[in-house]
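What follows is each chain in one-letter form.
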Amino acid sequence: MAQTTPRVRIQHGTFDVSQEIAELQAGDPRVGAVCTFLGTVRDRNVQGAAHAASVQSLELEHYPGMTEKSIETMIDEAHRRFDIFGARVVHRIGVLAPTEQVVLVAVTSAHRGESFQACEFLMDYLKTQAPFWKKEQTPQGAHWVDARVSDDAALARWGIAARNA
Amino acid sequence: MQVHIKYFASIREAMGCGSEAWDTSATTLGELRQALVARDARDDHPLATGRAARIALNQLMCEEDALLTPGCEVAFFPPVTGG
């Protein structure tokens with residue numbers, strides 16, 4: 001199915017989830033399910049209880065070019081694995097405050113099962129394979145966020161070795 | 001051969017630059033990594049053996065045995081943390 005807008009966008013500004021869904025659905029009457037995942041900035045770091053509610057802002061860096069290519073590859077793989085009509089990923093970069101939107105994954109399909117699965121697959125893939133890095137600003141200073149072994153395990157469920165964390 | 005090297009996140013900060021072009025006799029990603037560590041001669045090198053560094057060759061994640069080609073783009077970065 002031809003999509004008139006890019007499947008992958010990396011941008012500083014925020015996005016309107018309703019508009020993203022409407023563009024992805026594009027009036028296609030075959031679509032019976034739209035599944036979305038929206039990631040937002042937390043104010044607490046799970047890596048240390050001592051730093052509870054201490055994240056003042058989050059800075060996101062990426063590898064221009066590789067980021068877009070790697071996510072395009074992920075969406076191609078989602079189409080091979082699941083009976084879906086379309087998928088879209090929007091990811092923000094730059095400095096973000098707690099509660100702000102970071103990432104959107106949206107998938108359309110005829111029935112809910114395929115889009116639920118494809119949405120989770122895309123997020124698991126993105127967390128361990130897309131070249132983004134987070135730096136947290138706290139009252140104690142700034143530090144880079146460590147990768148989590150549990151994210152590698154999440155991708156392994158789909159039969160893919162992440163080898164990231 | 002000349003290769004274009006990029007650094008990201010904590011590795012970029014530790015290297016003190018985001019990119020450089022370098023003439024090297026290395027033939028693989030692993031040899032290039034070792035050559036950079038030897039060139040810079042510092043105790044806390046972010047690419048030293050045992051430090052967590054992921055490597056992309058021409059914007060694809062690769063292992064250290066991947067072969068360099070003239071003009072290729074190599075990127076060193078820590079484990080990714082997007083999403």
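Refer to the structure presented above.
Here is what the cut-offs are and how they apply
- Residues numbered from 1 in each chain as written.
- Chains lettered and ligands numbered in written order.
- Predicted model: local features only at pLDDT ≥ 70, side-chain atom pairs only at ≥ 80, totals over all residues.
- Helix = DSSP H or I, 4+ residues; strand = E, 2+ residues; numbered from the N terminus.
- Rg over C-alpha atoms; globule rule 2.2 N^0.38 Å.
- Buried ≥ 20, exposed ≤ 12 C-beta atoms within 10 Å, placed from the backbone.
- Contact = placed C-beta atoms within 7 Å.
- Pairing = 2+ DSSP bridges.
- Axes fitted to C-alpha atoms, helices over the stretch in contact; angles between N-to-C directions.
- Parallel < 35°, antiparallel > 145°, perpendicular 65-115°, else oblique.
- Left-handed = near helix turned anticlockwise from the far one by under 90°.
- Nonpolar A, V, L, I, M, F, W, Y, C, P; charged D, E, K, R; others polar.

Caption draft 1: Quick peek at the overall build of chain B. From N to C terminus, chain B includes two helices and five strands. Each helix and strand of chain B, ordered N terminal to C terminal, gives the series β-α-β-α-β-β-β. Against the globule reference of 12 Å for 83 residues, chain B gives a C-alpha radius of gyration of 12 Å, in line with a compact fold. Seen through its principal axes, chain B has C-alpha atoms that stretch 30 × 30 × 20 Å. Taken across its 83 residues, chain B has 31% of its residues classed as buried. Counted over contacts in chain B with a minimum sequence separation of 6, partners at least 24 positions apart contribute 54%.

Caption draft 2: Summary view of the sheet that holds strand β7 (residues 132-138) of chain A. Residues and elements named next belong to chain A. Strand order in the open sheet made by the four strands is β5-β3-β7-β8, with antiparallel pairing throughout. Unpaired on one side and paired on the other, β5 (94-96) and β8 (141-144) mark the two borders of the sheet. Ignoring which end each strand starts from, the neighbouring axes of this sheet average 25 degrees apart. Where strand β3 (residues 57-62) meets β7, six bridges bridge the pair, whose relative direction is antiparallel.

Caption draft 3: Quick look at the packing of helix α3 (residues 112-129) of chain A against helix α4 (residues 149-156) of chain A. Residues and elements named next belong to chain A. Orientation of α3 relative to α4, taken along the N-to-C sense of each, is 135 degrees, at an axis distance of 9 Å. Comparing the axis directions of α3 and α4 gives the class oblique. Relative to α4, the crossing made by α3 is left-handed. Residues Asp124, Tyr125, Lys127 and Thr128 of α3 lie in contact with α4, whose contacting residues are Asp151, Asp152, Ala154 and Leu155. Class assignment of the residues belonging to the contact of α3 with α4 gives a composition of three nonpolar, one polar and four charged.

Caption draft 4: Molecular detail of the sheet that holds strand β6 (residues 101-109) of chain A. Residue and element names in this part refer to chain A. Pairing is mixed across the open sheet formed by four strands, whose spatial order is β1-β4-β6-β2. Both edges of this open sheet fall to β1 (8-11) and β2 (33-40), since each of them pairs with a single strand only. Put simply, the sheet's adjacent strands are angled 10 degrees from each other on average, direction ignored. Pairing of β2 with β6, which is carried by eight bridges, proceeds in the antiparallel orientation. Looking at the pairing, Ala33 lines up with Ser109 of β6. Strands β1 and β4 (84-92) of the sheet are contacted by helix α2 (residues 66-81), whose axis makes an angle of about 155 degrees with β4. Those strands touched by α3 are β2, β4 and β6, and its axis lies near 30 degrees from that of β2.

Caption draft 5: The arrangement of the pairing of strand β5 (residues 73-77) of chain B in detail. Residue and element names in this part refer to chain B. With four of five residues buried, β5 is to be regarded as a mostly interior element. Sheet topology places strand β1 (residues 2-7) next to β5; four bridges connect them, and they run parallel. Looking at β5, one finds that Ile5 is bridged to Val74. Across four bridges, the pairing between strand β3 (residues 54-57) and β5 is antiparallel. Across the sheet, Ala56 pairs through a bridge with Ala75, a residue of β5.

Limitation: the analysis is restricted to geometry and does not speak to function.
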